[in-house]
Amino acid sequence: MQNKFDYPKALEMFVQMSSHYGDYTFTEKEFESGLPQMLLNCLDTVLTEKNNMQAALDFNNQAIGQFLNGVGETRLADVCYQLTNIPIILEDLGFNYLYSIGLDPELARQYSRSLKKNNLDGYNHIKLTELIEKQQIVELVQSDEHKRLIAPMVSRGKSVGYCSFINTSFNEVDWLKMKQLCLIGSVSNYNKETILDTELKLNIKGGLLEDMINNRLNPVILFKRARYIGVDLGKEYQFLVLKGDPNFYPNGKDPIGGMDLIEVLSRYFMDRNLNILISEDSQNIAALMPVDLFSKNDINVDKFIRKLLCFLKEKYPNIPFKIGMSSRSKSLEDIPILYNEALISLNMNHHQKEIMYFDDLGAVGILFRAGKIDDIRHFCNKMLSKLLEYDRGKESELTKTLYYYIKSGQNIGKTAKIMNLSIGGLRYRVKKIGEILEADIHDLQTSYQLFLALQSGIILGDLKIE
């Protein structure tokens, strides 16, 4: 060594370097005699650090790749579990269970319940305070069976939820991976909120669509404004109206990521290169569907709507979504009419149908589009009031029987099967219905008016039949 290096200088440098790896009180002679072992120890430490950094870098590269593909928090958790094989729990700001991967959901919910602040000992209480107030990653010992490595999910400097690794112990690489996971998740949240600010909070699209629905702008101005925000209105139009459970978002927001339903829907369209106009009111979300745009992207509208509904049901499995679809028109002046058609379809009380098309309503759809609600309800009462009063007094199902009888083409056998009645029992009911209504229900014109009244009552919500 002395032939190649200035030994005292190299020794001095090594002493300085070694101070990072331990507290050494050796004399120079002692240090020189133990130098080979010290070098080996330092080399082993450096190699360990290198391997840790490489493992964290590999994880970061793969997770970043998934983020760039547009995965959300739950999908990012799934990817992380595949890369680490460490179970993960996502919780909201109150440490309420939201999602887990690698754990039985019920067990994960138990872990979430046990994390409430007032149930923790002094040490864990301090750590949890550091997590909440200082947004620091902390390690908690919750039981003899498991520990938590828990970090905040941050958006614009504020915590929006928490992510936890669940394991018996954690090493340095686990800490590095958790830091990377939280960083990527925070960037994802920021990216979503930026899009929300620039496109949805300004409500440019929603405002334009509301102007169209209320017929406040002429077609020339509509096309100019739509072109300004990058929306191709095309030449043929169809309206979609979506209804979910208004109680789903108690605070108006999805617990993690700050994405409410209209934002989720808007993102779904944009991810498929469908830049369309979307608006919402207190109950429904409306979307104007340019048929030309779908054709340009080789997308079948009906298949797209079914896939959209499947996506929403998978994302929010406890929410009963319904969709109403209007007919199609090649005139922008028909937009208010199309919107009304979609609402009528949405309100058609078919429990078996999650997607209802206005074209499937036939004549009753035209009746609702052209008439006033009070006039339609008066027509229904005029045609059916005697039968409804009889059903209420006797707790019978003659109104329901009449509906299925006419709908089945007055086929006795088919109707009996639907109503789970004998042929004789059904014949008695049909005769009784005619007597109560004082009408020949087999007459084509009479039966047509009765069926129109029955369908209208269903749409109005006055009749609970299907």
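Owing to the predicted nature of the structure, the values given are computational and were not obtained by experimental measurement. (Residues numbered from 1 in each chain as written. Predicted model: local features only at pLDDT ≥ 70, side-chain atom pairs only at ≥ 80, totals over all residues. Heavy atoms only, no water.)

## What about helix α18 (residues 423-437)?
Along an α-helix, residues three or four apart share an orientation, since each turn contains 3.6 residues.
At step 1: Between the first and last C-alpha of α18 there are 21 Å, a value that for 15 residues agrees with the 21 Å anticipated at 1.5 Å per step.
At step 2: All of the buried residues along α18 are L426, V430, I433, G434, I436 and L437. Seen along its axis, α18 keeps its buried residues to an arc of 165 degrees; they face one direction. When the buried face of α18 is taken as reference, the exposed residues oriented beyond 90 degrees from it are R427, Y428 and K431.
At step 3: At its buried positions, α18 is contacted by α15 (373-394), α16 (398-407), α17 (412-419) and α19 (444-460).
At step 4: Positive phi appears at E438, one or two residues downstream of α18, with a value of about 55 degrees. (Helix = DSSP H or I, 4+ residues; strand = E, 2+ residues; numbered from the N terminus. Expected span 1.5 Å × (residues − 1). Buried < 20%, exposed > 50% of the residue type's maximum accessible area, 1.4 Å probe, protein only. Arc of directions from axis to C-beta. Contact = heavy atoms within 4.5 Å.)

## A closer look at the side chain of S327
At step 1: For S327, the location among the structural elements is in strand β9 (residues 322-329).
At step 2: Given a relative accessible area of 12%, S327 falls into the buried group.
At step 3: Side chain to side chain, S327 and E341 meet in a polar contact 2.5 Å long.
At step 4: Leaving out residues up to four positions away in the same chain, S327 has contacts with Y237, Q238, L338, E341, F358 and D359. (Polar contact = N/O pair within 3.5 Å; in protein donor to acceptor, adjacent residues only side chain to side chain.)

## Describing the pairing of strand β8 (residues 284-290)
Along a regular strand, successive side chains alternate from one face of the sheet to the other.
At step 1: Summarising burial for β8: 7 of the 7 residues are buried, a large majority.
At step 2: Burial along β8 is two-sided: the residues N284, A286, L288 and P290 and I285, A287 and M289 are all buried.
At step 3: Where strand β6 (residues 237-243) and β8 come together, 7 bridges link them in antiparallel fashion. Each bridged residue has a counterpart across the sheet, and for Q238 the counterpart in β8 is M289. (Pairing = 2+ DSSP bridges.)

## A closer look at helix α10 (residues 261-270)
At step 1: For α10, the buried fraction is high: 8 of the 10 residues fall into the buried class.
At step 2: When we look at burial in α10, the residues that qualify are L261, I262, E263, V264, L265, S266, Y268 and F269.

## A few points about the pairing of strand β1 (residues 88-91)
At step 1: Neither face of β1 is exposed, since I88 and L90 on one face and I89 and E91 on the opposite face are all buried.
At step 2: By the bridge criterion, 4 bridges tie β1 to strand β2 (residues 97-101) in an arrangement that is antiparallel. Bridge pairing in β2 places L90 opposite Y99.
At step 3: Adjacent in sequence and paired antiparallel, β1 and β2 are bridged by 5 residues, among which F95 carries a positive phi angle near 60 degrees.
At step 4: Summarising the sheet, β1 and strand β5 (residues 158-167) pair through 4 bridges and their orientation is antiparallel. Looking at β5, one finds that I89 is bridged to S164.

By themselves these figures say nothing about function.
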